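Chain residues, written in single-letter form:
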Amino acid sequence: MTTRYARDRTTGFASPASDSVEGPIDLSQTLDLTNPSRYPVRVRGATFVARGILDGDILIADTAGSPQAGQLVIA
């Protein structure tokens, strides 16, 4: 006899975090990519490795921001 798995029954302990499950993260909403002054830029090369930015990483550029000391400026 074969019984189908029912998700409401577990074979072990129920997760104590099941009440805290969040939905998926929408990166375009979180990063506000609908704003026309923000857009993603892919890094090529190893120029920024000292700052923890590696080849292939994606940065969010904000053209509305003003450059400040200590911030990374993409030109």
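Our subject in this report is the structure included herewith.

Each value, and the rule that gives it
- Along each chain, residues carry numbers from 1 onward, in the same order as the chain's sequence is written.
- Only residues with pLDDT of at least 70 are given local features in this predicted model, and only at 80 or more are side-chain atom pairs given and counted; all residues enter the totals for whole chains, interfaces and linings.
- Side-chain metrics rest on all non-hydrogen atoms present in the structure, leaving aside hydrogens and water.
- Think of it this way: any DSSP run of H or I at least four residues long counts as a helix, any run of E at least two long counts as a strand, and we number them from the N terminus.
- A 1.4 Å probe rolled over the protein chains alone gives each residue an accessible area, and that area as a share of the maximum for its type sets the label: buried under 20%, exposed over 50%, partly exposed in between.
- Whether two residues are in contact is decided by their heavy atoms, any of which lying within 4.5 Å being enough.

### A word on unusual backbone geometry
- Of note in the backbone geometry, D32 takes a positive phi value of approximately 55 degrees without being a glycine.
- Assignment of secondary structure puts D32 in the loop between α1 (27-30) and β1 (38-42).
- With relative accessibility at 31%, the residue D32 sits in the partly exposed group.

### Re the side chain of S37
- With respect to the element layout, S37 can be found in the loop between α1 and β1.
- With sequence-adjacent residues up to four places away left out, S37 is seen in contact with A61, D62, T63 and A64.

### Considerations on the environment of T63
- Inspection of the secondary structure assignment puts T63 in the segment after β2 (58-62).
- For T63, a relative accessible area of 52% translates into the label exposed.
- Residues T63 and Y39 lie 24 residues apart in sequence; the distance between their C-alpha atoms is 8.6 Å.
- Filtering out sequence-adjacent residues up to four positions away, T63 remains in contact with S37 and Y39.

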